[in-house]
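Chain by chain, the residues:
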Amino acid sequence: MVRGPGNIPTPPTVNPTTEVFTRMLVLKIALLLFFAVVSMRLVHIQVIDGTRYQEIAKRQYEAEVILPAERGNIYDRNGKILASNTTYVSFGADPKAVGNNAGIVAERFARVFGEAKSSYLAKLTNAKRRFVWLERRVKPETAKRVKAEEFEGVIQVNEPKRVYHYETVAGQLLGFTNVDNVGLSGIELQFDQQLSGHNGYVIMQRDGLGHRSPSVDYPRVDPVNGNNLVLTIDLEYQSIAESELRKGIERNKAESGLVVMLEPSTGSVLAMANYPGIDPNNIEGADESLFKNRAITDMFEPGSVFKVVAASAAIENSQVKLNQKFFAENGIYTVKFAKGPPRIINDTHPYGMLTFQEAIEHSSNIVVAKVSDLIGAELLYKMARNYGFGISTGVELPGEVNGELKKPNQWSGATLNSMAIGYEVGVTPLQIAAAYAAVANNGVLMKPFIVKQELNQHDEVIAETYPQQIRKVITKQTAHLLTNIFEGVVDRGTGVSARQGNIAVAGKTGTSRKFIGGKYEIGNYTASFVGFLPADDPKVVCLVMLDHPREGGYTGGLASAPIFGAIAEKIVASNSWSQKSEPIVMSSKRPIAVPDVAGLDVEVATSMLAGSGFEVQQFGEGNVVLRQSPSPGTQTLPGTSVKLSTSETASSAPKGFAVVPDVRRMSIRRAINRLTLEELDVSVSGSGVVIAQMPAPGQQVKIGARVSLRCEARSLGLVALN
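Remember, predicted model here, so these are calculated numbers, not experimental data. (Residues numbered from 1 in each chain as written. Predicted model: local features only at pLDDT ≥ 70, side-chain atom pairs only at ≥ 80, totals over all residues. Heavy atoms only, no water.)

Student: Just to check I follow, could you spell out the overall build of the protein for this structure?
Tutor: When helices and strands are tallied, the protein shows 22 helices and 31 strands. Across the protein, the fraction of contacts at a sequence separation of at least 24, relative to all contacts at a separation of at least 6, is 70%. (Helix = DSSP H or I, 4+ residues; strand = E, 2+ residues; numbered from the N terminus. Contact = heavy atoms within 4.5 Å.)

Student: How should I be thinking about the packing of helix α12 (residues 307-316) against helix α15 (residues 377-386) in this particular structure?
Tutor: Axis angle and axis distance: for two packed helices, these are the angle between their axes and the distance between the axes, and together they describe the pair. The interhelical angle for the contact between α12 and α15, taken along N-to-C directions, is 115°, at an axis separation of 9 Å. Judged by the sense of rotation from one axis to the other, the crossing of α12 with α15 is right-handed. In contact with Val309, Ala310, Ser312, Ala313 and Glu316 of α12, α15 contributes Leu379, Leu380, Met383 and Ala384. The class makeup of the residues in the contact of α12 with α15 is seven nonpolar, one polar and one charged. (Axes fitted to C-alpha atoms, helices over the stretch in contact; angles between N-to-C directions. Left-handed = near helix turned anticlockwise from the far one by under 90°. Nonpolar A, V, L, I, M, F, W, Y, C, P; charged D, E, K, R; others polar.)

Student: Explain the packing of aromatic side chains to me, please; I cannot follow it from the model alone.
Tutor: Given two aromatic rings, one states the distance between the centres and the angle between the planes to describe the pair. Inspection of the entire model under this criterion finds ten aromatic pairs. Summarising the aromatic geometry, the rings of phenylalanine 176 and phenylalanine 291 are spaced 4.9 Å apart at their centres and angled 70° between planes, so their arrangement reads as edge-to-face. Note that phenylalanine 176 is positioned in the loop between α7 (171-174) and α8 (186-190) and phenylalanine 291 in the loop between β10 (268-275) and α11 (294-297), a separation of 115 residues in sequence. The class of phenylalanine 291 is buried, set by a relative accessible area of 18%. Three or more aromatic residues joined by ring pairs form one cluster here, namely Phe91, Phe109, Phe113 and Tyr120. For the cation-ring pair, lysine 161 lies above tyrosine 88, with the distance from its terminal atom to the ring centre recorded as 5.3 Å. (Phe/Tyr/Trp six-rings, centres within 6.5 Å; stacked < 30°, edge-to-face > 60°. Buried < 20%, exposed > 50% of the residue type's maximum accessible area, 1.4 Å probe, protein only. Lys NZ or Arg CZ within 6 Å of the ring centre and 35° of its normal.)

Student: Just to check I follow, could you spell out the nonpolar core for this structure?
Tutor: In terms of nonpolar packing, the biggest core is built from 99 residues, with Phe356, Tyr387, Phe389 and Phe486 touching the most fellow members. In terms of residue count, helix α17 (residues 429-440) provides more of this core than any other element does, ten residues in total. With residues near it in sequence (within four places) discarded, phenylalanine 356 still touches Ala311, Ala314, Ile315, Val320, Lys321, Leu322, Gln324, Phe326, Val371 and Ile485. Counting residues in each nonpolar core, the second largest holds 31 residues, with Ile249, Leu533, Ile571 and Trp577 among its members. (Core = buried A, V, L, I, M, F, W, Y, C linked by side-chain atoms within 4.5 Å.)

Student: Explanation requested: unusual backbone geometry in the structure shown.
Tutor: Cis geometry is adopted by the peptide bond preceding proline 276, which originates at tyrosine 275 and carries an omega value of 5°. For the bond from leucine 533 to proline 534, the omega torsion is -20°, close enough to zero to count as cis. Within the fold, proline 534 resides in the loop between β20 (519-533) and β21 (540-547). Of note in this structure, alanine 170 is not a glycine but carries a positive phi near 60°. On the secondary structure map, alanine 170 appears in the loop between β5 (154-164) and α7. Taking relative accessible area as the criterion, alanine 170 reaches 6% and is therefore assigned buried. Of note, glutamate 424 is a non-glycine position whose phi angle comes to about 60°, a positive value.

Written out as structure tokens, the structure is:
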């Protein structure tokens, strides 16, 4: 060490070049490490996580916009549209974009839609979500009151909505869709895949200014609209059935009811009505218990309508003859068994000796029970199974049950007699209708079906259902003998309320006590009537069933047969009765004939006219159509307005006078009803269909004047106008 003066050490000399070099080396190493880290990060981002970040980037400047498919239409057998689509408006919002304007937006929506302001605020202050629906599927005229463009973060979207053109008509049968147009019940559920189609999409790109436009790098995938369905249902028959069923239920103070109509030669379902009904357009808040179609989802003990099984087995196996006599025990029959207590079988009325035919006509439980002893368990069970009981019909509707038919090895000593008269067996209304359709079809059971055709968007048939024979249940001879017996039921037995003047009706009444809480409840019954007409060449089988009728009689003959009669009268007077259906979609540019709706309920008349594509205007406060313009049969284009007069104030006749309506080719009953509405007296010569009248149609006569009608028997090919 060098010491200077005073022995103070002298510091070593530092090389400036060495110091700079060291600092540069440290800096280079730091930069190399930095670039190494950055490079490794870039490799991780671009290679390892490259796909994920590409997707994030694409979401920032690209968006897939769904192009919704249009749901297929549903038509009746004559091309009348039952369900279609319209465009409604929905409102959504980005809560973050709405920000401090949430209160103003909520106030506007609450004022327009009548909901609580707090419900909208709760959605708009949801910090966890970037999109919320404020309202879905509102009518365009209502949507105009919102003016979404005034509010930042609120958007307006056009969405398809299902429209059911006849409200409650065929409500349970058609079913309904949810807010996203997905089928939830009925035809809508069963054929959701065919009706829905497939959504398309288009890729939208966002530029630096936030504007969106279709991407040129991606193809546009157009939606494939759903297919259309043509049902076997006849809108006229369905409307008539629902109208008369409602009246009958109100008249009898029944809890509920249903009607099933079939075409016996094909198995086509012509009508399937439930009351109370539902309006698929307004399903929110409705009683969910009403959604099911009870004609296929519920089973019941049928009572005497099930006697068709015992009667068929007895005749088919030559166990009895129609004129064979049995003692009806004067109304009370005690049956003793080897084991267990005896059983008492009652008839509604006490009878002595009855032929087998008379026993069915008057619905004697006692005689049918005695006949079942001759038939035996095996033959009775086999006949019930051949008619299709205990097996679902396979109709194209959701929720159908099998029913319940016990095998003979499961029977008690009383089951044979009980089943013969319609107890200890569970059936659906459709099964009963199908069984009587087999009798009407010369003993051949047909498979019920409800969808005739599936059409693409060009109305080309891509699938079609054809009538399908299940089996021959009874011989043609047995079927004719049963038809004669069932004609007697209507002519002189328990079903006289179903009689139709010159048209022969064959049918059977049924009354069963309901089994509730482990016992048969006194005073709680199911009343039924099932029949077909014309009896010698059946076109329609119709079952009417009421649940717990409380006034006017609880039996099938008193409660259900009159409803059948009213339905039968109106369907015979309808256009559909004489027309051969052509299940194709009607052209809106082809002139068609205006139906004759005079004398019908306004509700039914409106459905018939609207179903043919006409507008309807009602004049007057009445419930029955007195006159119409244009006149029946006029060839005009769909969309024409048909004016219906329902009160005398609309009449062109002077006070105290009436204009004679045209009742030619009407049934006698309908002609009389029509003339009575005009307060005219009636005289009738002959029977069948009105072929001439005096005074002539259109003449003015005094109120109370007599109109003479000349009638001739209706042949099978001649059918009255509406």
